[in-house]
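# Architecture and fold: a report
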Amino acid sequence: MTTRTDAPTRREQILKEAARLFAERGFHGVGVDEIGAAVGISGPGLYRHFPGKDAMLAELLVGISERLLDGGRQRVAEAAGDPVALLGALIDGHIDFALDDRPLITLHDRELDRLRDDDRRRVRQLQRQYVELWVAVVRDLHPAPPEPEIRAAVHAVFGLLNSTPHIGPLGRADMESLLRRLAHGTLGALGG
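Residues numbered from 1 in each chain as written. Predicted model: local features only at pLDDT ≥ 70, side-chain atom pairs only at ≥ 80, totals over all residues. Heavy atoms only, no water.

The next subject is the UniProt feature "DNA-binding region" (unreviewed entry) in the protein. UniProt tags residues 31-50 as "DNA-binding region" (unreviewed entry). For the annotated span residues 31-50, helix accounts for 40% and strand for 0% of the residues, and the straight-line distance between the end C-alpha atoms is 14 Å. (UniProt positions renumbered as here; feature names shortened; annotations may be inferred. Helix = DSSP H or I, 4+ residues; strand = E, 2+ residues; numbered from the N terminus.)

Okay, structure coming up:
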């Protein structure tokens, strides 16, 4: 999967700081002036990029759901029918998300209910598609367990990987290695 190396746009900077601030102090605990100050512009200057905080929250939560699904689909295309490699790529991709985007995990846990109904439905739809992608890969590797068990195991792995905002200070390499072993072990247990 290719990664972008360009400098972040102003819009991306705003979203990153909004995610950090919302995760630290809650959506209602942060004003546009604080978000603007974090990126070096006035609070009202944010309105050139977003209609308001609600739009930022929606873009953050819908956006990360789209990114996870798109990344998963790209990994499926790149693995060319090798389910072992594909599962490893899905796990690695989700670990990268869980370690690099911790504020978005916290934000999702705390603020999803603040989204407009249409945006919340969109997030849930994208998440279901992402789960189904994983379930199909795990089912290819471990066809014996019933599908509800596979689905439960996939959700358990997501819970494990998405626990990173609550985990103490392990270095990135150590945390990445630990999460990878635990995720593979959890899903490998389906095989017997």
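Bringing the environment of Arg 48 into the picture now. Mapping Arg 48 onto the fold places it in the loop between α2 (32-39) and α3 (53-79). Taking the C-alpha atoms as reference points, Arg 48 and Leu 112, 64 residues apart in sequence, are found 24 Å from one another.

Residue placement: Leu 86 occurs in helix α4 (residues 83-100). Judged by its relative accessible area of 8%, Leu 86 falls in the buried class. A C-alpha to C-alpha distance of 23 Å links Leu 86 and Ile 105, two positions 19 residues apart in sequence. Residue contacts for Leu 86: discarding those within four places in its chain leaves Arg 75, Val 76, Ala 79 and Val 137. (Buried < 20%, exposed > 50% of the residue type's maximum accessible area, 1.4 Å probe, protein only. Contact = heavy atoms within 4.5 Å.)

Attention now goes to the pattern of salt bridges. All told, the structure shown has 18 salt bridges when counted by the stated rule. Across the pair Arg 25 and Glu 34 runs a salt bridge whose closest N-O atoms are separated by 2.1 Å. On the accessibility criterion, Arg 25 (40% relative accessible area) is partly exposed. Across the pair Arg 67 and Asp 101 runs a salt bridge whose closest N-O atoms are separated by 2.6 Å. With Arg 67 in helix α3 and Asp 101 in the loop between α4 and α5 (102-111), this pair connects stretches of sequence that are 34 residues apart. Overall, Arg 67 belongs to the partly exposed group, its relative accessible area being 48%. Overall, the relative accessible area of 18% leaves Asp 101 in the buried class. (Salt bridge = Lys/Arg side-chain N within 4 Å of Asp/Glu carboxyl O.)

So, on to the side chain of His 142. The topology assignment puts His 142 in the loop between α6 (117-141) and α7 (147-161). For His 142, a relative accessible area of 17% corresponds to the buried category. Only 3.4 Å separates the side chain of His 142 from the backbone oxygen of Leu 187, close enough to count as a polar contact. Setting aside residues up to four positions removed in sequence, His 142 forms contacts with Ile 150, Leu 187, Gly 188, Leu 190 and Gly 191. (Polar contact = N/O pair within 3.5 Å; in protein donor to acceptor, adjacent residues only side chain to side chain.)

Attention shifts here to the packing of α3 against α4. In a pair of packed helices, the angle between the axes and the distance between the axes together describe the arrangement. Direction vectors running N to C along α3 and α4 enclose 155 degrees, while the axes themselves pass 9 Å from each other. It follows from the interaxial angle that α3 and α4 lie roughly antiparallel. As for the relative orientation of α3 and α4, their crossing is right-handed in sense. Where α3 abuts α4, its residues Ile 64, Leu 68, Gly 72, Arg 75, Val 76 and Ala 79 lie against Leu 86, Ala 89, Leu 90, Gly 93, His 94 and Phe 97. Looking at the contact of α3 with α4 residue by residue, the class counts come to 8 nonpolar, 3 polar and 1 charged. (Axes fitted to C-alpha atoms, helices over the stretch in contact; angles between N-to-C directions. Parallel < 35°, antiparallel > 145°, perpendicular 65-115°, else oblique. Left-handed = near helix turned anticlockwise from the far one by under 90°. Nonpolar A, V, L, I, M, F, W, Y, C, P; charged D, E, K, R; others polar.)

On to the environment of Pro 165, then. Structurally, Pro 165 is set in the loop between α7 and α8 (172-188). What makes Pro 165 partly exposed here is its relative accessible area of 26%. Sequence spacing of Pro 165 and Leu 99 is 66 residues, and the spatial spacing of their C-alpha atoms is 8.2 Å.

A few words on the UniProt feature "domain: HTH tetR-type" (unreviewed entry) in the protein. When the UniProt feature table is mapped onto this chain, "domain: HTH tetR-type" (unreviewed entry) is found at residues 8-68. Here residues 8-68 is 66% helix and 0% strand, with 19 Å between the C-alpha atoms at its ends.

The subject of this paragraph is the side chain of His 94. Take His 94: it is sitting in helix α4. For His 94, a relative accessible area of 2% puts it in the buried group. A polar contact is formed between the side chain of His 94 and the side chain of Asn 162, at a distance of 2.9 Å. Once you skip the residues sitting within four places of it in the chain, His 94 turns out to touch Leu 68, Tyr 130, Trp 134, Phe 158, Leu 161 and Asn 162.

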